[in-house]
Structures are given as structure tokens and as C-alpha cells.
Amino acid sequence: MGWLNKLLGKKQEKALQSGVSYQLYNGQFIQPADNKTTYITEGYTVNDLIYAIVNLISDKVRIAPWGQYKVVDDEAAKKYFGLIQRKEISGEDYKKALQYREKALKPVNDSKLSALLESPNGVDTFSDLVANSSIFKLLTGDRMIWAELLDGGANMGKPQSLHILPSDLLTMKVTAQWPFKVTGYELTEWGLINESNIPVQSVLHDKYFNPVYSAQGDHLWGLSPLKAALLLTTKSNEANKTEAAQFQNQGPKRIVFVNEDAEKVDIATAQLQAQQIKAVLGGKEYSGGNNAGKLAYSGYRMGIVDAGLSPVDLGIVESEKWSLRRFCNVYGVPSQLLNDPDNKTFNNQKEGEKALTMRCALPQLNSFREHLNRKLRNDWGYKGQNIIVDYDLSVFTELQDDLQTKWQWVKELPVSWRYKLDLMGMDYEENQPGLDEVMIPSGYQPIDGYNVIDETLGQANEETNI
């Protein structure tokens, strides 16, 4: 072990010089990965842009209710899951997805799972659990949920409750050879949970892909979006500090001075002149709205100089506009939803809500659903029972077609009313007269009627010619 002590000494010496601490895992000294806690403490909790963007996504995720189902049509299920994985979903795709879902999934009622979906831990709703854990994933790159599994009885192995783990405070136990595998988790920050007390089977780990591979298994953690935006976060925070300091410590905007030669005026005389000027300019004659812009006159030679710069002069305001858009780019959020002053038209707002759902909320919901169902099938007591948990897609009505816009072109089609109503997705009575008549836009008369009129006019013209 002499070599280990020498290595430890070198590591400790280097750590003291660099301010980096090391931990011992599986006989290896491991330098901690990027500090995920700073993405929370220096991002979400202090930066208003990050807070607003992350909450915008999590609030959209929170809308969806959850239920339990069994798959009764595998082919329809594949089409349903495939459609909602798309980043761009048309109104027709949304309609088809709902139809495939209704055909593929039938509600079931497992009492233990029903209780879990109603309240997973006695405090949160299931939608709260999904939305709040999404905040951790958006900030740290990892969503981690611990299941309190029953160890006996008819429901043995099933979750009694579900709790969000602080992914920034967890460490992994990883095998020392390739391929690296997680064997357990530790939460030792507060000394509440000792080593190896969190088995991997009880933890749902949903993460972003991380291409940063290392011999210590860093790639097994998710890559935080704020890792890519680390410098942007620092810049935005410094801009906020600078602006706050400018308002708090701005002092006088301008300084008025007596422009006399120092050799001719002693200090006492200069101070007296300054006090006299201050008394005049601060008096009633030059104060108040009625005296705004009023010219003042002085018997002294005077000068004035600007002191300090405004936030506009410092470029902070314009810089924050670009910071907003760049943070939105990182998370895929339309900037018009966050009061971007240059992108706030009504149509953009409406399209922005749709883009927020498709590009931000649905990926979070889909990923959580897949990981939850995987844990239920493999580790959480529902293996071979054909039970899945899914969210209700129908609540996202912004994904459906704009019916008013769609009707503008549907009504002009030279097709039957039945076909038009089908295109609009509207119900109708099967035996309603005229449904199969082909109508044309001019007065919406049956096309057969126009044929009769044309023939009559043709005969009349022939008789007139004779």
C-alpha cells in the first residue's frame, strides 16, 4: 500500500493547490464531476431567466393527468407512441394519435397503482411528482425517484410511495470494469443515508445523454443543459449584479463645479461658492415639474461633468434580451412566451404555446413514462401483468387544428358535407338528408340541380336559334 499512500499524498497536495477534493470509490480516487448543485444555487434560485424558463416547461408538464391501462392492440400502440415522439405534430397527427391511443389502451384498476397515481407520497399529486422531478432534470440533467418498495404481503415488491431524490447530492457506486454499471447510490451530504443504502433497483433514473465518457463512469450521469450554458449563466448573473450595483450606488448623475483657476481661488472660497450654487439650484425657483428645463444663471465660471453610466449606456438591457433568447435556445422554449419585446404578436404567442408543448413538455412526459413503465415491468412488482402508466394527451388542445382557419378551405372543397364534417372531426347523424350530396360554394346547392338548370338553358337556347 506504499504506492497508494504516495499517490494519496500527491493527490492531496494537488487538491490543496487547486481547491479540488477527491473521493474514494471502488479503490479509485475520483475527481467529482461538474458541480450540479451550482446549476441550482447559481442558476434556478438566483437567475430570473432560468427560473422563468424552467417553470414554464414544468407548468406545462404539470397539466397532464395520469392513468393506468393495459395494451389491447400492439400495432395501434406502436403508432400512437411513434406519433407523439415527433418534434412537429400537425393537427391531423394529433387527431390520429388520440384515435390510436383509444384503440390501443384500455383503462384498468390495480388498487395499489391507483393509490400511487392519486398521491405518490401523501403530499404531492402524481402530476406534481412528474413536474417537480422535471425541474431537477432540466437543471442537473438527471431525474431520480426513489421507490419505497413493500417487502411482504400480497403487494410485495410494489411501490408503497415515490419520492424525488436530490440528484445533485447523490453519488454512484460503479463497477470498476467495462462496461461500467451502477450498483447503488449514496446520499451522504447530511449523514442521513449511509453507504450502499440505496439499491439501484429502487431508483428510477431518467437522464439526458452524456457523451463525456471517463474511466470513473461520468457518462452515467446526465448532461445538464446549463453545463452548455455555463458561461452564459455567469454573464447573465454578472449583468444582473452590475445593474443592481448601478442603481444602488449610482450617486449623483452629474457634478457641477466652479471652473476657476486653483491659484486664484482657495479651498474655503471654492467650497462657499459650491454651497451657494447648490442652495440656488436646490431651491423652489428651480425645483418641481413646473420649472423643468428652466435656465439657471450664475455669476461664477461653472462647468458640469457626467458621473456614472445608466444600464442602457452599459449595454445591460440589450445584453439581457440576447441572454433571454440564448437561454430559450438551450431549452427549446419560444422566447415570445417570456415577454421578448421584439417577438410578441398574437400569432407567435399561439404558435409558441404549441411549440412549448411539442418540443419541451411532451419529451419530458414521454421520457418519464418510458422509464416508469420500465421500472414497473422489471423492478417494481408488475412484471408480466401488461399494465402501463400513461398521461392523457387530449388535454393539450393547442395541438389540434385551428378549426376556424381549417374551415376556410374545407368549406370551398367540391365534396359532400359528410366528407367535410369528417375532415373537421365533427359528429353528425348518419341518416341526415343531403350528407352525401356534393355541394359547390355558390349558395351550396346540390350539384345535380345545376346540371338540370344547365340542360334547360341549353334547350331554350336551341329553340330560340330555330
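A brief look at the structure comes next. Bear in mind that the values here come from a model prediction, so they are computed numbers and not experimental data.

Before going further, it helps to examine empty space enclosed by the protein. Tallying each qualifying case throughout the model produces one cavity of 30 Å³ or more. If you add up the space inside the largest cavity, you get close to 30 Å³. The element that contributes the greatest number of residues to the lining of the largest cavity is helix H5 (residues 91-104), accounting for three residues. Of the residues assigned to the lining of the largest cavity, the class counts are seven nonpolar, no polar and one charged.

This paragraph deals with unusual backbone geometry. The step from Trp 178 to Pro 179 runs through a cis peptide bond, and the omega angle for that step is -5 degrees. With respect to the helices and strands, the residue Pro 179 is situated in the loop between strand E7 (171-174) and strand E8 (182-186). Positive phi, normally seen in glycine, also occurs at Asn 339, with a value near 60 degrees. Assignment of secondary structure puts Asn 339 in the loop between helix H11 (316-331) and helix H12 (346-378). Overall, the relative accessible area of 58% leaves Asn 339 in the exposed class. Of note, the phi angle at Asn 386 is positive, near 50 degrees, even though the residue is not glycine. Among the secondary structure elements, Asn 386 is positioned in the loop between H12 and strand E13 (388-391). A relative accessible area of 42% means that Asn 386 is categorised as partly exposed.

Before going further, it helps to examine the pattern of salt bridges. Following the criterion strictly, the structure yields 17 salt bridges and no others. For Asp 390, the salt bridge goes to Arg 369, with nearest N and O atoms at 3.1 Å. On the criterion of sequence distance, the pair formed by Asp 390 in strand E13 and Arg 369 in helix H12 is long-range, its members being 21 residues apart. Judged on exposure class, the residue Asp 390 and its partner Arg 369 are both buried.

How each quantity is defined
- Residues numbered from 1 in each chain as written.
- Predicted model: local features only at pLDDT ≥ 70, side-chain atom pairs only at ≥ 80, totals over all residues.
- Heavy atoms only, no water.
- 1 Å grid on protein atoms, 1.4 Å probe; cavity = no way out; pocket = protein on both sides within 12 Å on 5 of 7 lines; lining within 4 Å.
- Points joined across faces, edges and corners; volume = space filled by probe spheres on them.
- Helix = DSSP H or I, 4+ residues; strand = E, 2+ residues; numbered from the N terminus.
- Nonpolar A, V, L, I, M, F, W, Y, C, P; charged D, E, K, R; others polar.
- Buried < 20%, exposed > 50% of the residue type's maximum accessible area, 1.4 Å probe, protein only.
- Salt bridge = Lys/Arg side-chain N within 4 Å of Asp/Glu carboxyl O.

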